Amino acid sequence: MLITQLKSKETIEELAQGKIVIINCHGCKEVYFPEHQADELQKELSASKEVTQIITTDYICNSENLMLQLKKHMDKINAADTILVFSCGVGIQTVAGQFQDKKVYSCCDTYQLPGFQGVTALNVDCGQCGECYLNGTGGICPITACSKSLINGQCGGAKNGMCEVDKDMECGWERIYRKLEKMNKLDNMKYDVPKVRNFGISKEK
Amino acid sequence: MRITELFEKGEFVLTAEVGPPKGVEIDHLIKDAHEFLKTRVHALNVTDNQSSVMRTGSLATCKVLKDEGLLPIFQITCRDRNRIALQSDVLSAALLGIENLLLLTGDYTTLGDHPQAKPVFDLDSVSLIHAVKCLENGYDIAGNAVDGTPPKFAKGAVVSPCSDSVDVQLAKMEAKVKAGCEYFQTQGVFEPDKFMEFMEKAKQFGVPVQLGLIIPKNVGMCRYMNANVAGVHVPDDMIKELQADKERTKSGDVGVEICARLIKECKDYAQGVHIMSLGWENRIPEILDMAGIAPIA
Ligand code: SF4
Ligand code: SF4
């Protein structure tokens, strides 16, 4: 089972820029979602920011289902600057994958709880790292899209854009860099203190 | 001595790579180091289970070379050790008087002779540089104080100037410089134009870069590198050059000439040369002679 936990209010407020569409995913029995806290926070956001639509749906990890659910909100989504997603890491990546030209931000961190995990056949994956990096990486998960789960950029092993570990797999950091380039967000890769993963929290009980 | 002191003095810094043996017989390595390298290069890189092939350790080999009066560079990868073991080995290096480090992410485990091994990658090259910097400031990466006078190292890293995604590599290079990297050695260069173009962009970081060279031993090796080795591309005309005179290629003379020529062409853009001879240490003096680089005083 997974649990998602809201990122701090300050972090989310910083992400909430321009016209905002919020997407909540409540469907899945495998993921605990803090509905009540999310509700409260979204009310506050609606009061202080330009939230044009709040959508609450399910199984956004499935891109076909996602697009079906979003159909009637497309005008709002097209007009939005930012899409804030409250879901597990898989849901956020699916949304980011569908809306390549929008700023899609994650408002949750996804953790793993010990025990049986549900099986969902998807083309993006979340490693439940507990400190979601998607906001800095253009919505592409460095933990699962990079064979070494690197978080500070590409290793020296990529050749012709493919990963040194699996020649049939595109290098995750090549994808992240190109996405950031497209978003005009390459500055995301410039920070003073290198990122270091916290393996202490990702397996917390 | 830290090799950063040489860069600061404006020296053209020469280094060569040696690989510890698979086993503990190290006499051959020591003999070659004395015979071919001691008077020709400033320091020797000692690889860390290179290509994920298990061998005798880099740190122990560095200590042996140091006792022989040579200057070792301790290569450390993040493949096999978590942050506790990495920092511990860095402190151990300081204890043994080894002051030069080359900090790498490392090849993936499945590329080597223990494909079943657990890949670690707890840190990466950037956070490893940061960890060493923390130790130099008297703290470990978790923020705990380290007793006594902190160690001081020359902190180096690698970059691939001829990578097919050189912009992605430059971003990583910048991250390494910000983390505290003080010198770079490059992946093997066969395309001087690409190296010079890269250096034009890299010079903004203000950190010395050594031109990396691999001696091209034969056509098969070049084709293999073109297909499989990241950041390395041997151009067609160089392959033709190796095909032209089979005897002279076999004897290694063509490879030596190519390396000497690359040094001459790139010299003005680099702050040194790093030679990865892959067992051909004996040809290094010739390469340097031919490139007009005198023995070390
Ligand atoms: S960075 Fe990846 S593994 Fe971590 S929570 Fe986000 S999607 Fe999941
Ligand atoms: S080649 Fe790319 S995806 Fe593969 S390990 Fe290196 S950075 Fe990660």
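So, here's what we can say about the structure. Numbering of residues begins from 1 in every chain and follows the order in which that chain's sequence is written. Whichever chain is written first becomes A and whichever ligand is written first becomes 1, with later ones labelled in order. For this predicted model, a pLDDT threshold of at least 70 governs which residues receive local features, and a threshold of 80 or more governs which side-chain atom pairs are given and counted, while totals over whole chains, interfaces and linings are taken from all residues. Each side-chain value is worked out from all heavy atoms of the structure, with water and hydrogens disregarded.

Before going further, it helps to examine the site of ligand 2. By convention in these notes, a residue is near a molecule or strand provided one of its non-hydrogen atoms lies within 4 Å of it. The immediate surroundings of ligand 2 are formed by A:Cys146, A:Ser147, A:Lys148, A:Gln154, A:Cys155, A:Gly157, A:Ala158, A:Cys163, A:Glu164, A:Cys171, A:Gly172 and A:Trp173. For this classification, Asp, Glu, Lys and Arg are treated as charged, while Ala, Val, Leu, Ile, Met, Phe, Trp, Tyr, Cys and Pro are nonpolar and the rest, including Gly, are polar. Partitioning the shell around ligand 2 into residue classes produces six nonpolar, four polar and two charged.

Every residue lining ligand 1 is accounted for by A:Gly89, A:Gln93, A:Cys126, A:Gly127, A:Gln128, A:Cys129, A:Cys132, A:Tyr133, A:Leu134, A:Cys141 and A:Ile143. Residue composition of the shell around ligand 1, grouped by class: seven nonpolar, four polar and no charged.

Residue and element names in this part refer to chain B. Only the stretch in contact is used when a helix axis is fitted, and all axes are lines through C-alpha atoms; the angle between N-to-C directions ranges over 0 to 180 degrees. A run of DSSP states H or I qualifies as a helix once it reaches four residues; a run of E qualifies as a strand once it reaches two. Both are numbered from the N-terminal end. Interhelical geometry of helix H5 (residues 125–136) versus helix H6 (residues 166–179) gives an angle of 10° and a closest axis separation of 8 Å. Our classification of the angle between H5 and H6 gives roughly parallel. Along its contact with H5, which presents Ser 125, Val 126, Ile 129, His 130 and Lys 133, the element H6 presents Lys 172, Ala 175, Lys 176 and Ala 179. Among the residues forming the contact of H5 with H6, the class breakdown is four nonpolar, two polar and three charged. Here the angle decides the label: under 35 degrees means roughly parallel, over 145 means roughly antiparallel, 65 to 115 means roughly perpendicular, and every other value means oblique. Residue contacts are counted whenever heavy atoms from the two residues lie within 4.5 Å of one another.

So, about the interface of chain A and chain B. Each partner contributes to the interface: chain A provides 32 residues, whereas chain B provides 32 residues. Using a 1.4 Å probe, buried area is obtained as the accessible area two parts lose upon being combined, added over both of them. Of the roughly 2500 Å² buried where chain A meets chain B, counting both sides, 53% is carbon and sulfur surface. Ranking the residues of chain A by area buried against chain B places A:Lys148, A:Gln154 and A:Lys159 at the top, with a combined share of 23%. For this document, the term salt bridge refers to a Lys or Arg side-chain nitrogen within 4 Å of an Asp or Glu carboxyl oxygen. The tally of links from chain A across to chain B stands at three salt bridges. Residue B:Lys178 pairs with A:Asp192 through a salt bridge whose shortest N-O separation is 4.0 Å. Nitrogen and oxygen atoms within 3.5 Å of one another constitute a polar contact, given that in protein one can donate a hydrogen and the other can accept it, and given that sequence-neighbouring residues count only through two side-chain atoms. The tally of links from chain A across to chain B stands at 15 residue pairs in polar contact (both at pLDDT 80 or more).

Another aspect to go through is unusual backbone geometry. The backbone phi angle of A:Asn184 is positive, close to 60°, even though this residue is not glycine. Mapped onto the fold, A:Asn184 is located in the loop between helix H7 (172–183) and helix H8 (199–202). Positive phi, close to 55°, is recorded for B:Ser51, a residue that is not glycine. If you trace the backbone, B:Ser51 turns up in the loop between strand S2 (43–46) and helix H3 (58–67).

All names here are of chain B. Paired strands are those between which DSSP finds at least two bridges. Spatially, the eight strands close up into a barrel ordered S1-S2-S3-S4-S5-S6-S7-S8, and their pairing is parallel. Neighbour-to-neighbour, the strand axes of the sheet open up by a mean angle of 25°, direction not taken into account. Bridge analysis of strand S3 (residues 72–77) against strand S4 (residues 100–104) gives four bridges, and the strand direction is parallel. Each bridged residue has a counterpart across the sheet, and for Thr 77 the counterpart in S4 is Leu 104. Against the sheet, helix H11 (residues 253–266) touches strand S7 (209–214) and strand S8 (272–276), its axis set at about 160° to S7.

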